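Notes for the structure review
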Amino acid sequence: MLHIGKYEFNSRLLLGTGKFTDMQVQSQAVEASGTEILTFAVRRLDLEEAGKQHFLDTLDLSKYTLLPNTAGASTAEEAVRIAELARASGLCDMIKVEVIGDGVTLLPDPLETYKACSILLEKGFTVLPYISDDVILAKRLQLLGVHAVMPGASPIGAGRGIINPYNLEIVIEQAVVPVIVDAGLRSPKDAAYAMELGADGVLLNTAVSGSHDPVSMAKAMRLGVEAGRLAYTAGMIPVKRYAAASSPAEGMVHT
Ligand SMILES: CC(=O)[C@@H](O)[C@H](O)COP(=O)(O)O
């Protein structure tokens, strides 16, 4: 079970809803992924798509928790405004805090993210900040009281997989709230790797929406997350410098 604040989930795969070209394929991909948490940009929903049918209208919303995100915000104030808009519209009080600091790398702004989280926590939100793989920021945000941290594997949409497993491992080791590895994943091996490192979940979007067959990729990602989690809980053997024979040599007759 994945526990985030007062919420509980069986699935550890969180899916983004952007960049799908066909709503029906998207619905099937969501189903195939087994996800229970769908994240979407409130700003996009509110401004650019006003009046149009939205993908969320095509879903049985009783099966999913909608996780609004503050994509499009570049300051704490903007992120807070977007979060309040989401809550006032009757959406979940969970918010993925995404405050982008740079239009080229799309990396999150640590100072504005911290400030936004501080305000949103005071306002009673369940707060999930998207951050870089920054060990100290992750720690500081947890001291502030966030409900999960979402370190990036690599930049959004880059598909570069986990660039810094060392940092991610330390974030995970020191975490007192769930760690959801978010962004930059490309293949099921990346998802499995994040889970093998001990992540509590992964969030991805482009890897599925941008593949030739999003439904199959969604299923592959689901299996990757499940395999990685199973391996993590099973306990993997230590890495050794030299060989260790699989069959014991004792009792063998040597000539
Ligand atoms: C939908 C969402 O929140 C994205 O911003 C998220 O960070 C996913 O990144 P990828 O598209 O790289 O998987």
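Residues numbered from 1 in each chain as written. Predicted model: local features only at pLDDT ≥ 70, side-chain atom pairs only at ≥ 80, totals over all residues. Heavy atoms only, no water.

An unreviewed UniProt entry lists the protein under the name Thiazole synthase, with Paenibacillus silvae given as the organism. Regarding the protein, the UniProt comment filed under Subunit (unreviewed entry) reads as follows: "Homotetramer. Forms heterodimers with either ThiH or ThiS." Recorded in UniProt under Pathway (unreviewed entry), the annotation for the protein is "Cofactor biosynthesis; thiamine diphosphate biosynthesis." (UniProt positions renumbered as here; feature names shortened; annotations may be inferred.)

Helices and strands together make up the secondary structure of the protein, namely 9 helices and 10 strands. Its C-alpha atoms put the protein at 85 × 40 × 35 Å along the principal axes. The proportion of buried residues among the 255 residues of the protein is 47%. Long-range contacts, defined here as pairs at least 24 residues apart, represent 66% of the contacts in the protein between residues at least 6 apart. Carbon and sulfur atoms make up 53% of the accessible area of the protein, which amounts to about 12,900 Å² in all. (Helix = DSSP H or I, 4+ residues; strand = E, 2+ residues; numbered from the N terminus. Buried < 20%, exposed > 50% of the residue type's maximum accessible area, 1.4 Å probe, protein only. Contact = heavy atoms within 4.5 Å. Areas by Shrake-Rupley, 256 points an atom, 1.4 Å probe, with all protein chains shown as cover.)

When the UniProt feature table is mapped onto this chain numbering, "binding site: 1-deoxy-D-xylulose 5-phosphate" (unreviewed entry) sits at Gly-157, Ala-183, Gly-184, Asn-205 and Thr-206. Taken together, the annotated residues stretch across 50 residues yet fold into one region, lying no more than 8.8 Å apart by C-alpha. Among the structural elements, Gly-157 can be located in the loop between strand E8 (150-151) and helix H6 (165-174). Residue class for Gly-157 comes out partly exposed when judged on its relative accessible area of 41%. Within the structure, Asn-205 has its side chain in polar contact with the backbone oxygen of Gly-18 (distance 2.8 Å). (Polar contact = N/O pair within 3.5 Å; in protein donor to acceptor, adjacent residues only side chain to side chain.)

Attention now moves to the pairing of strand E3 (residues 13-16). Judged by which residues are buried, E3 turns out to be covered on both faces: Leu-13 and Leu-15 on one side and Leu-14 and Gly-16 on the other are all buried. Pairing of E3 with strand E10 (residues 201-204), which is carried by 3 bridges, proceeds in the parallel orientation. Directly across from Leu-13, in E10, lies its bridge partner Val-202. Pairing between E3 and strand E4 (residues 37-41): 3 bridges, direction parallel. Counterpart to Leu-14 in the pairing with E4 is Ile-37. (Pairing = 2+ DSSP bridges.)

A few words now on the pattern of salt bridges. One pass over the full model with this rule turns up 8 salt bridges. Between Lys-6 and Asp-93 there is a salt bridge, and its shortest N-O distance comes to 2.8 Å. Of this pair, Lys-6 sits in the loop between strand E1 (2-4) and strand E2 (7-9) while Asp-93 sits in the loop between helix H3 (76-88) and strand E6 (94-97), and the two are 87 residues apart along the sequence. In this structure, the salt-bridge partner of Lys-115 is Glu-77, at a minimum N-O distance of 3.0 Å. (Salt bridge = Lys/Arg side-chain N within 4 Å of Asp/Glu carboxyl O.)

This brings us to the pairing of E10. Taking every second residue as pointing to the same face, both faces of E10 are buried, with Gly-201 and Leu-203 on one and Val-202 and Leu-204 on the other. Bridge analysis of strand E9 (residues 180-182) against E10 gives 3 bridges, and the strand direction is parallel. Bridge assignment links Asp-182 to a residue of E10, and that residue is Leu-203. This β-α-β element, E9 to helix H7 (residues 188-196) to E10, shows right-handed connectivity. (Right-handed = clockwise from strand over helix to strand, strands pointing away.)

Around the ligand, a shell composed of 14 residues is seen, among which Lys-96, Gly-157, Gly-184, Asn-205 and Thr-206 lie nearest. Lys-96 places a polar side-chain atom, nitrogen or oxygen, 2.6 Å from an oxygen atom of the ligand. Here an oxygen atom of the ligand sits 2.4 Å away from a polar atom, N or O, in the side chain of Thr-206. Isolated, the ligand exposes 360 Å² of accessible area, and the fraction of that covered by the protein chains is 92%. The residue makeup of the shell around the ligand, split by class, is 4 nonpolar, 7 polar and 3 charged. (Near = heavy atom within 4 Å. Nonpolar A, V, L, I, M, F, W, Y, C, P; charged D, E, K, R; others polar.)

Bringing the packing of H3 against helix H4 (residues 110-122) into the picture now. For the pair H3 and H4, interaxial distance at closest approach is 8 Å and the crossing angle is 40°. When the axis of H3 is compared with that of H4, the two are oblique. For H3 against H4, the interelement crossing comes out right-handed. Within the contact between the two elements, H3 uses Ala-76, Glu-77, Ala-79, Val-80 and Ala-83 and H4 uses Glu-112, Lys-115, Ala-116, Ile-119 and Leu-120. A breakdown of the residues in the contact of H3 with H4 according to their chemical character gives 7 nonpolar, no polar and 3 charged. (Axes fitted to C-alpha atoms, helices over the stretch in contact; angles between N-to-C directions. Parallel < 35°, antiparallel > 145°, perpendicular 65-115°, else oblique. Left-handed = near helix turned anticlockwise from the far one by under 90°.)

Compared with the 18 Å implied by 1.5 Å per residue over 13 residues, the 19 Å span of H4 between its first and last C-alpha is a close match. Residues of H4 that are buried: Thr-113, Ala-116, Cys-117, Leu-120 and Leu-121. The buried residues of H4 occupy one face: seen down the axis, they fall within an arc of 130°. Facing away from the buried side of H4, by more than 90 degrees, are the exposed residues Leu-111 and Glu-122. Among the structural elements, H3, E6, strand E7 (126-131) and helix H5 (135-144) are those in contact with the buried residues of H4. Sitting at the amino-terminal end of H4 is Asp-109, which places a side-chain oxygen 3.0 Å from the backbone nitrogen of Leu-111. Where H4 terminates, the next one or two residues include Gly-124, which has phi positive at roughly 85°. (Expected span 1.5 Å × (residues − 1). Arc of directions from axis to C-beta.)

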